[in-house]
Amino acid sequence: MRKIPMKNYIVYGLVCLLTIVLLISWVNIYAGNKTYKDNTNERMNFLKEIKVSELKSFLDENIDIAIYLSNSEDTNIQEFETKLRKKLIRKDYISDIVYINTLNLSNDVLKLINDKYMVNYENLPNLIIISDGNIVDTYYISDYAKETDIITILEAYYD
């Protein structure tokens with residue numbers, strides 16, 4: 001019987017160790033991407049998304065902006081957002097609006113907006129129009145809301 005050199009065992013051990021390290025890395029990257037994708041609103045992914053941690057500095061830097069806020073897991077407004085997406089793209093309002101996903105963060109965003117603009121909203125609006133550093137219009141999505149309502153508001157300030 002032939003004897004296997006010790007060098008082969010060392011190479012085999014290194015290949016196994018490298019494979020395990022790469023596998024763990026790929027699993028972590030996949031889990032991070034999946035978490036990000038789960039927290040992203042697929043219907044509104046064409047808009048620039050602002051994270052809540054960036055919101056205060058974003059509001060300080062931008063005095064004329066429209067902010068669309070919604071919960072990415074809210075299935076009640078799924079049809080509304082799908083229609084709104086088509087209208088916003090058609091009217092080319094994409095550069096005028098930013099999106100904030102309020103999933104698990106609506107209280108933080110509400111407090112920040114109330115403090116920044118000296119308003120007293122009890123519920124977070126779904127659309128906030130800011131002009132010259134002041135809130136000039138808001139819109140709440142209800143059961144009777146239509147995407148044309150939001151387009152009409154945007155036309156008043158951006159056309």
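Okay, so let's go over this structure. (Residues numbered from 1 in each chain as written. Predicted model: local features only at pLDDT ≥ 70, side-chain atom pairs only at ≥ 80, totals over all residues. Heavy atoms only, no water.)

To continue, consider the overall build of the chain. On a plain count of helices and strands, the chain comes out with five helices and five strands. Tracing the chain from N to C terminus, the helices and strands come up as α-β-α-β-α-β-α-β-β-α. The C-alpha radius of gyration computed for the chain amounts to 24 Å, which surpasses the reference 15 Å derived for 159 residues by more than 25%, pointing to a less compact arrangement than a globule. Expressed as lengths along the three principal axes of its C-alpha atoms, the size of the chain is roughly 90 × 30 × 25 Å. Carbon and sulfur atoms provide 54% of the accessible area of the chain, an area that totals close to 10,800 Å². Here the chain contributes 18 positive and 23 negative side-chain charges, whose respective centroids are spaced 14 Å apart. (Helix = DSSP H or I, 4+ residues; strand = E, 2+ residues; numbered from the N terminus. Rg over C-alpha atoms; globule rule 2.2 N^0.38 Å. Areas by Shrake-Rupley, 256 points an atom, 1.4 Å probe, with all protein chains shown as cover. Lys, Arg positive; Asp, Glu negative; His and termini not counted. Charge placed at Lys NZ, Arg CZ, Asp CG, Glu CD.)

The end-to-end C-alpha distance of helix α5 (residues 147-158), which contains twelve residues, comes to 16 Å, matching closely the 16 Å that a straight helix rising 1.5 Å per residue would cover. Here α5 has its buried residues at Glu 147, Ile 150, Ile 151, Ile 153 and Leu 154. Projection of α5 onto a plane perpendicular to its axis shows the buried side chains occupying an angular sector of 160°, all on one side. Packing partners of the buried residues in α5 comprise β2 (65-70), α3 (78-91), β3 (97-101), β4 (127-131) and β5 (134-139). (Expected span 1.5 Å × (residues − 1). Buried < 20%, exposed > 50% of the residue type's maximum accessible area, 1.4 Å probe, protein only. Arc of directions from axis to C-beta. Contact = heavy atoms within 4.5 Å.)

Let us now look at the sheet that holds β5. Across the sheet, five strands lie side by side as β1-β3-β2-β4-β5; this open sheet has mixed pairing. In the strand order of this sheet, the two ends are held by β1 (48-49) and β5, each with one partner. (Pairing = 2+ DSSP bridges.)

Two numbers describe how α3 lies on α5: the axes approach to 9 Å, and their chain directions differ by 35°. Crossing geometry of α3 relative to α5 is assigned as right-handed. Together, Phe 80, Lys 83, Leu 84, Lys 87, Leu 88 and Lys 91 of α3 and Glu 147, Thr 148, Ile 150, Ile 151, Leu 154 and Glu 155 of α5 make up the contact between the two elements. Across the contact of α3 with α5, the residue classes break down as six nonpolar, one polar and five charged. (Axes fitted to C-alpha atoms, helices over the stretch in contact; angles between N-to-C directions. Left-handed = near helix turned anticlockwise from the far one by under 90°. Nonpolar A, V, L, I, M, F, W, Y, C, P; charged D, E, K, R; others polar.)

Buried residues dominate β4, accounting for four of its five residues. Here β2 pairs with β4 via four bridges, running antiparallel. Residue Ile 67 lies in a different strand from β4, and its bridge partner there is Ile 128. Taken together, the five bridges between β4 and β5 define a ladder with antiparallel strand orientation. Bridge pairing in β5 places Ile 128 opposite Thr 138. Joining the antiparallel neighbours β4 and β5 is a turn of two residues, in which Asp 132 adopts a positive phi near 55°.

A word on the packing of aromatic side chains. This structure, assessed with the given rule, holds one aromatic pair. Between Tyr 68 and Tyr 99, the ring centres sit 6.1 Å apart and the planes meet at 25°, which makes this aromatic pair stacked. You can see Tyr 68 sitting in strand β2 and its partner Tyr 99 sitting in strand β3, a full 31 residues away along the chain. Under the relative-accessibility criterion, Tyr 99 is labelled buried at 1%. One cation-aromatic arrangement involves Lys 116 over Tyr 117; the distance from NZ or CZ to the ring centre is 5.8 Å. (Phe/Tyr/Trp six-rings, centres within 6.5 Å; stacked < 30°, edge-to-face > 60°. Lys NZ or Arg CZ within 6 Å of the ring centre and 35° of its normal.)

Note on pairing: side chains with opposite charge can pair once their charged atoms come close. Scanning all chains against the criterion turns up six salt bridges. Notably, a salt bridge pairs Lys 56 with Asp 60, separated by 3.8 Å at the nearest N-O pair. Residue Lys 56 and its partner Asp 60 are located together in helix α2 (residues 52-61), separated by four residues, close to a single helical turn. A salt bridge links Asp 115 to Lys 111; its shortest N-O distance comes to 3.0 Å. With Asp 115 and Lys 111 both in helix α4 (residues 106-117) and four residues apart, the pair spans about one turn of that helix. (Salt bridge = Lys/Arg side-chain N within 4 Å of Asp/Glu carboxyl O.)

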